[in-house]
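Chain by chain, the residues run as shown.
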Amino acid sequence: MGTQALARAATDRRRALMLVAATMAYNAAEAAVALWSGARAESIALVGFGLDSIIEFAAAAIVLWRFSPHPNPESAEHAERRARRFIGGTFLALALYVVGQSGWMLLMREAPAESWIGIALAIVSLIVMPLVAWGKLRVAGRLGSRALAAEAKETLACSYLSFTLLLGLAANALAGWWWADPVAALAMVPWLVREGIEGLRAEEDGCCAAV
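Predicted, not measured: the structure shown is a model, and the values here were computed from it.

### A short note on helix H6 (residues 180-201)
And step 1. A rise of 1.5 Å per residue sets the reference length of H6, with its 22 residues, at 32 Å; its end C-alpha atoms lie 33 Å apart and thus fit the reference within 8%.
And step 2. Looking at H6, one finds that the buried residues are Ala180, Asp181, Pro182, Ala184, Ala185, Met188, Val189, Trp191, Leu192, Glu195, Gly196 and Gly199.

Written out as structure tokens, the structure is:
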């Protein structure tokens with residue numbers, strides 16, 4: 001590899017680190033706003049979205065850690081697989097929480113309050129997340145990084161959660177469809193289960209298997 005190619009790779013690596021760090025910062029703010037507004041409005045969709053943001057923060061942190069140099073690559077990969085399995089378990093636990101809470105709300109017909117802050121958060125996330133994911137995918141392609149590419153797809157999947165959240169909150173606020181909030185939360189469950197299963201498998205070709 002020539003000097004110019006090495007310099008370009010180093011630049012792309014720095015961009016990758018900046019994008020992942022930016023994802024972590026955004027997820028931290030997203031989680032805080034979602035959990036606070038979700039608790040105020042008693043919205044299971046918002047609370048679930050906030051908890052998911054915390055898990056996504058942890059997943060991004062693993063990718064950031066994988067991009068740092070390790071004196072013992074084998075130990076690093078072993079620790080990474082253990083971390084991925086832990087995160088997979090948290091995804092499944094969140095799925096159970098969402099199912100239980102949503103089912104209870106539907107059974108008891110508990111209507112959440114309007115949350116315009118939550119609606120604004122969903123709109124911002126729906127705009128920001130695809131842009132960040134697109135940037136990660138471009139850099140991942142140049143670096144040949146499966147870890148970054150998989151994490152980018154995870155970021156892109158968050159757009160789906162933002163969309164379902166927006167539909168549920170807007171339907172409740174504008175049309176008074178109280179059931180839209182727990183139904184929107186339930187729409188997140190298939191994705192949470194899939195991510196949980198993939199994390200528990202901790203396959204070599206998974207999210208963080210290769211940098």
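### Quick look at the nonpolar core
And step 1. In this structure, Phe49, Leu165, Met188 and Leu192 are the most contacted members of the largest nonpolar core, which totals 32 residues.
And step 2. At the level of elements, helix H1 (3-41), helix H2 (44-66), helix H3 (73-108), helix H4 (116-143), helix H5 (146-175) and H6 are the ones that each hand at least two residues to this core.
And step 3. The contact partners of Met188, leaving out residues within four places of it in the chain, are Ala45, Phe49, Leu161, Thr164 and Leu165.

### A look at the packing of H1 against H4
And step 1. Taken N-terminus to C-terminus, the directions of H1 and H4 make an angle of 160°; their axes are 10 Å apart at the nearest point. Here H1 is positioned roughly antiparallel relative to H4, judged by the angle of their axes. Considering only the axes of H1 and H4, their crossing is left-handed.
And step 2. Grouping the constituent residues of the contact of H1 with H4 by class yields 16 nonpolar, 5 polar and 6 charged.

### Side note on the pattern of salt bridges
And step 1. The tally for this structure, following the rule as stated, stands at 4 salt bridges.
And step 2. Close ionic contact of Arg142 with Asp12 constitutes a salt bridge, the shortest N to O distance being 3.1 Å. One end of the pair, Arg142, is in helix H4; the other, Asp12, is in helix H1, and 130 residues separate them in sequence.
And step 3. By relative accessible area, Arg142 is classed as partly exposed at 41%.
And step 4. Judged by its relative accessible area of 4%, Asp12 falls in the buried class.
And step 5. We note a salt bridge from Arg194 to Glu198, for which the minimum N-O separation is 3.3 Å. Of this pair, Arg194 and Glu198 are both found in helix H6, 4 residues apart, which corresponds to roughly one turn of the helix.
And step 6. What you see here is one network of salt bridges that share partners, running through Asp12, Arg15 and Arg142.

### A closer look at the packing of H4 against H5
And step 1. Following both chains from N to C, one finds H4 and H5 inclined at 160°, their axes separated by 8 Å at the closest point. Comparing their axes, H5 and H4 come out roughly antiparallel. Considering how the two elements wind past one another, H4 and H5 form a crossing that is left-handed.

What counts, and at which threshold
- Chains are numbered independently. Their residues run from 1 in the order of the written sequence.
- Since the coordinates come from a predicted model, pLDDT governs what is reported: local features require at least 70, and pairs of side-chain atoms require 80 or more to be given and counted, while whole-chain, interface and lining totals use all residues.
- Only hydrogens and water are removed before side-chain values are computed, so all heavy atoms of the structure are retained for them.
- Only DSSP runs of H or I covering at least 4 residues are called helices, and only runs of E covering at least 2 are called strands; the numbering of each starts at the N terminus.
- What a helix should span is 1.5 Å times the count of its residues minus one.
- Burial status follows relative accessibility: with a 1.4 Å probe on protein chains alone, a residue under 20% of its type maximum counts as buried, one over 50% as exposed, and anything between as partly exposed.
- For this analysis, a nonpolar core means a set of buried residues of the types Ala, Val, Leu, Ile, Met, Phe, Trp, Tyr and Cys, connected via side-chain atoms within 4.5 Å.
- By definition in these notes, contact holds between two residues if any of their heavy atoms fall within 4.5 Å.
- Here an angle of 0 to 180 degrees is reported between the N-to-C directions of two axes, which are lines fitted to C-alpha atoms, with helices fitted over the stretch in contact.
- Working rule for angles: under 35 degrees goes down as roughly parallel, over 145 as roughly antiparallel, 65 to 115 as roughly perpendicular, anything else as oblique.
- Take the far helix as your reference; a near helix turned counterclockwise from it by less than a right angle gives a left-handed crossing, and one turned clockwise gives a right-handed crossing.
- The nonpolar class holds Ala, Val, Leu, Ile, Met, Phe, Trp, Tyr, Cys and Pro. Asp, Glu, Lys and Arg form the charged class, and all remaining residues, Gly among them, are polar.
- By definition here, a salt bridge exists when the distance from a side-chain nitrogen of Lys or Arg to a carboxyl oxygen of Asp or Glu is within 4 Å.

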